[in-house]
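Each chain, letter by letter, is given below.
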Amino acid sequence: MANTITKIPFKGTKEQQEELFKAIDVYAGQSGALIPVLQEAQKIYGYLPYEVQKMIAEKLQISMEKVYEVVTFYAQFSLQPLGEYNISVCLGTACYVKGSGNIFDKLQEKLGIKNGECTPDGKFRLDACRCVGACGLAPVMTINDDVYGRLTVDQLDGILAKYGFGK
Amino acid sequence: MKSLEELNAIRDKVRDTVVIPDGSDKIRVVVGLATCGIAAGAKPVFNAIVDEVEKAGLGDKVSVVQTGCIGICQFEPVVEVFEGGKEKTTYVKMTAEKAQRVVEEHLKGGKPVVEYTIGANLN
Amino acid sequence: MIDNQDFNNVALKDTPFYKAQERVVLRNCGVIDPESIEEYIAMDGYAALGKVLTQMTPDDVIKCVSDSGLRGRGGGGFPTGRKWSLCAPVQAPQKYVVCNADEGDPGAFMDRSVLEGDPHCVIEGMAICGYAIGATKGFVYVRAEYPIAVKRLQIAIDKAREMGLLGKNIFGSGFDFDMEIRLGAGAFVCGEETALMTSIEGKRGEPRPRPPYPAIKGLYGCPTTENNVETFANVAQIILRGAEWFASKGTEKSKGTKVFALGGKIKNTGLVEIPMGTTLREIIENIGGGIPNGKKFKAAQTGGPSGGCIPAEKMDVPIDYDNLTAIGAMMGSGGLIVMDEDNCMVDIAKFFLGFTVDESCGKCTPCRVGTRRMLEILEKITAGNGEMSDLEELEKLAEYIKANSLCGLGQTAPNPVLSTIKNFREEYIAHIVDKKCPAGVCKNLLRYVIDPEKCKSCGMCKRACPADAISGERGVPYSIDPEKCVKCGACYATCKFGAISKQ
C-alpha cells in the first residue's frame, strides 16, 4: 500500500487548527459527520496525518480506530503530504487503451517515485487516478489545476521542465 | 410554489429567452462549460464572447449563457448560436481569437463564420 | 477560402454523430443554463412534479413508471416501478430516496454530464419518487472528483428550495420533500447500493448482506429506494409524456433510450443517447465514425470492471439489457470503450482485474482473495510463464467468485476475464503457448529486431539505447542483444528508416 504513515514531521499551524475546529462544529451532532469532516480537514491540511486524525477523534468523541479505518478505506484520503506539484495520471479505461499506462510508467521512472509518493524534495507527487471525466482528450494527466490531454510519452520532458524538473 | 398556474406563469415568461421565437431579433449564445469543455479551454472563450458582445454594444440583443455538455468531446470548446426561425449554428474547437471574429461577423454582421462551424470541421 | 453558404447548412443535427441519436435524458444538456431554475422551468421543468402532486395518487405514479418499462440505468436493470412498489407499502416514520451519482466505472461520464448540464431533472425525479414511496428526505451521493457537478447540483437544490419546489407543502399539496448532497470519497464499491448507504452513514463503505433489502431496511435502518442519476432523469419525461410514449421506444424488454460514453479508439468520442435496440455497429461505424488511423476494430467493452468485451462477430446484436448479458457483457452504467488491433485483450482483462483488486473492500474472502489469485495468474501469463492449465484455473476461480461474493462488485469482477477468454481465446493461447503478444503490448513477450535489409547503420538506435544492448558499427547492420534489451522501445522510436520492428 502506498498509503503508509509518513515520516515527514507534522507542521500544522494554530490557524489551521482553528479552521478545523470550526468545520467540525458545523457537522458535529449530525449523523454521518465523519466523512464530511475528514474531507474538510484534508482541504485544510492537504493530507490527514496521525495528529489531525487524533484531533478529529477527540472533537467528535469517537475512537481513533473509527477515524483511522475510514481514512484508510477511501482513496480520496491521503496519509502522505501533497507535493508542490501534484501529478495525476488518468488510468481510466478510455485513457488506458490509449496508452496512459506507458505515461504513468515513464513518470515513475523519471521522478523515481511510485504511485502515491512524493519526491524527497517535496516538489512532485505522483498519483494514478480513475477517470477525470475528460475522456475525449485521452490520455489525460493533470498537474495541480493544469490539464494535459492527448499526451504522448515524448511530451513529458517538456511538460515537467515547465514545473522546474531537472533543474 | 403554490400552484401549477404559478409554475406555468414562470415558464411562459422565460420561454422566449431559451427558445428564440420566429421573427425575434434576439440571439442566444451558449458555451459548453462542462468538465470536458473547461478542460479543453472553454472558459477563456466564454469570457471573450461576453467582453466582445459588451464592447460591440450588443448587450440588449445577445444573451451569452453557459450550458452543459452537448456530447461532442473532440470538438470542444463548442459554442452554439440560436436565432429565431433558423437552424442553430455550431462552432467547434473555439478559441478566444475565433470568438472575437464570431461576435464581429456573425452576431454583429449577421454572417456566420463558416470555416469555424462543425460542417467545415467534420473531416 | 471556404465561402460556400450551403456548406454551413451541415447543421449539428444532420451530422452522422447526431442523426441516429434520440435525446430524452440529455434533452436539456447543451441547451439550458444549468444554474438557472427559470430556464429549466421554461423547458417544462417541474411540470411533472406539479402534475403528480395535484392530479395523481402515489399508486398512479408507480403504475405509470411500471407501465413505461423503465429499468434501472445503473447497471443491473431492475425494473424501476417494481423497485418503488416494494418500498411504498412499508410503514415507517421515516423513509429515504437515494440517488447514486457515484459514477465509478473508469471511462464513463454520463451521470456527470447530466448533473453538470441539467441538475434539476434529477431533483424533480427524486421528488416524484419521494411522493410515490412516501419519503420526505433524499440524499444524492456524488463523487468528490466531480467538483463542477457538485457545485451546480448544490445551486440547483438551493434555488428549488427558494422557489418552494423543495421544502414544505410543495404545490400546496401537503407533500414535503428536501434533499442533501453527500460526497463520495473515492471507493468504487460505494456504487453498490448497500455500500453507498453505509458510506452516507459515515462509515467504511462496505456492502451489507441482503435480505433485508433496502426497500425494507436501508439507510439508517429505514425503508429506502435507490436509483441512479440517469434513471431519475427519465422520470419527469415519463410522467409528462406518458408511459406509452416511453414504452414505444426500445426493444421488448428494454424500453426508452440509453446514454453511452463513447471513448477509446474511435473517431468521434463523446456522449451519445440512442434508443435501446440500436446495434453496436450503428454506434461505432455511423455515430462514432469508425476506428481512426485505418486500424481494425477488435472489441468494444461495456459495463466497465463488471462487464465484458464484445467481439466483431457480435456487432449486429441489438443493444439491450438481456442481449448484452447473453453475449457475456453487460449494460453497466454506460461506458463504451472501443479497442483496436493494437490493444491486447489479456492485458485489458489484467487491467480490469487490477482495478477490482484495488477496489475490493475486503469484507468477503471470495472477492478479496479470489480476485488477487486471478490477477496473479494473468500476470504470470503476460510475463510469459503461462501454462494451458492456467486457463482452466482462471475459469474455475471465476465461477467460484461469481457464486460466492457478497455484493455485485465481487459477483461481476470475473466478467472481463471470462468474456475475453470466451471471445479471444486464441490471444490467451498465443501468450501461453507461443509466448507472444499478438498486439505487441505485453513487454515481457516482445522482441525488438533490426531488419538488416533496412538498416542504414547510422547508429542512432545504439545511442538511444539505455541498456547498451545494441551493437554494430558503420557499414555493418546493427543488432539487438535480447538478453540485455529492457524493451523500452527507445530504438524503435528513434529509427528513421523503419528498420526496427516489434515481434
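Being a predicted model, the structure only gives us computed values, none of them experimental.

A count of helices and strands for chain A gives seven helices and five strands. Listing the helices and strands of chain A from first to last along the sequence gives α-α-α-α-β-α-α-β-β-β-β-α. The dimensions of chain A, computed from C-alpha atoms along their principal axes, are 50 × 35 × 25 Å. Of all 167 residues assigned to chain A, the portion counted as buried reaches 51%. Considering only intrachain contacts with a sequence separation of at least 6, the fraction spanning at least 24 residues in chain A is 61%. As presented, chain A carries roughly 8100 Å² of accessible surface, and 51% of it is formed by carbon and sulfur atoms. Here chain A holds 18 positive side-chain charges and 19 negative ones, and the gap between their average locations is 3 Å.

Right, let's get into the interface of chain A and chain C. On the chain C side, the residues contacting the 29 residues of chain A number 41 residues. When the two sides are added together, the surface that chain A and chain C hide from each other amounts to roughly 2700 Å², 58% of it contributed by carbon and sulfur. Taken together, chain A and chain C are joined by 15 residue pairs in polar contact (both at pLDDT 80 or more). Of all the secondary-structure elements, those providing two or more residues to the side of chain A that touches chain C are helix H2 (34-45), helix H4 (64-71) and helix H5 (93-96) of chain A. Residue composition of the side of chain A that touches chain C, by class: 15 nonpolar, 10 polar and four charged.

With that settled, consider the sheet that holds strand S2 (residues 137-143) of chain C. Note on sheets: strands pair through backbone hydrogen bonds, and any given pair is parallel or antiparallel. Residues and elements named next belong to chain C. Strand order across the open sheet formed by five strands is S3-S4-S2-S1-S5, with mixed pairing between neighbours. The outermost strands of the open sheet, each flanked by one partner alone, are strand S3 (167-170) and strand S5 (224-228). Strand-to-strand twist across the sheet, computed as the mean angle between neighbouring axes with direction ignored, equals 25°. In the sheet, S3 pairs with strand S4 (residues 175-184) via two bridges, with the strands oriented antiparallel. Pairing of Ile-170 across the sheet is with Phe-175, part of S4.

The next subject is the nonpolar core. In terms of nonpolar packing, the biggest core is built from 99 residues, with Tyr-46 and Trp-84 of chain C touching the most fellow members. By residue number, the principal contributor to this core is helix H7 (residues 119-133) of chain C, which donates 10 residues. With residues up to four places along the chain from it excluded, the contact list for Trp-84 of chain C reads Val-61, Ile-62, Val-65, Cys-129, Ala-132, Ile-133, Thr-225, Asn-227, Phe-232 and Val-235 of chain C. Residues Ile-44, Leu-60, Val-70 and Phe-77 of chain A belong to the second largest nonpolar core, which totals 43 residues.

Time to look at the sheet that holds strand S1 (residues 85-90) of chain A. Residue and element names in this part refer to chain A. In space, the five strands of this open sheet follow the order S2-S3-S1-S4-S5, with mixed pairing throughout. The two strands at the open ends of the sheet, each matched to only one other strand, are strand S2 (117-118) and strand S5 (146-148). In the sheet, S1 pairs with strand S4 (residues 141-143) via three bridges, with the strands oriented antiparallel. Bridging across to S4, Ile-87 finds its partner in Ile-143.

Here we take up helix H14 (residues 345-359) of chain C. If you check H14 of chain C, its first and last C-alpha atoms are 21 Å apart, about what 15 residues at 1.5 Å a residue would give, namely 21 Å. Most of H14 of chain C sits out of view: 13 of its 15 residues are buried.

Here chain A is described as being made up of domain 1 (14-73) and domain 2 (85-161). Look at where the C-alpha atoms of domain 1 of chain A and domain 2 of chain A centre, and you get two points 29 Å apart.

Tracing the chain through its elements places Ser-306 of chain C in the loop between strand S8 (297-302) and strand S9 (308-311). For Ser-306 of chain C, the residues in contact, after removing those within four places along its chain, are Met-330, Thr-412 and Asn-415 of chain C.

Conventions we followed
Residues numbered from 1 in each chain as written. Chains lettered and ligands numbered in written order. Predicted model: local features only at pLDDT ≥ 70, side-chain atom pairs only at ≥ 80, totals over all residues. Heavy atoms only, no water. Helix = DSSP H or I, 4+ residues; strand = E, 2+ residues; numbered from the N terminus. Buried < 20%, exposed > 50% of the residue type's maximum accessible area, 1.4 Å probe, protein only. Contact = heavy atoms within 4.5 Å. Areas by Shrake-Rupley, 256 points an atom, 1.4 Å probe, with all protein chains shown as cover. Lys, Arg positive; Asp, Glu negative; His and termini not counted. Charge placed at Lys NZ, Arg CZ, Asp CG, Glu CD. Buried area = accessible area lost by both parts, 1.4 Å probe. Polar contact = N/O pair within 3.5 Å; in protein donor to acceptor, adjacent residues only side chain to side chain. Nonpolar A, V, L, I, M, F, W, Y, C, P; charged D, E, K, R; others polar. Pairing = 2+ DSSP bridges. Axes fitted to C-alpha atoms, helices over the stretch in contact; angles between N-to-C directions. Core = buried A, V, L, I, M, F, W, Y, C linked by side-chain atoms within 4.5 Å. Expected span 1.5 Å × (residues − 1). Domains from an automatic or database assignment.

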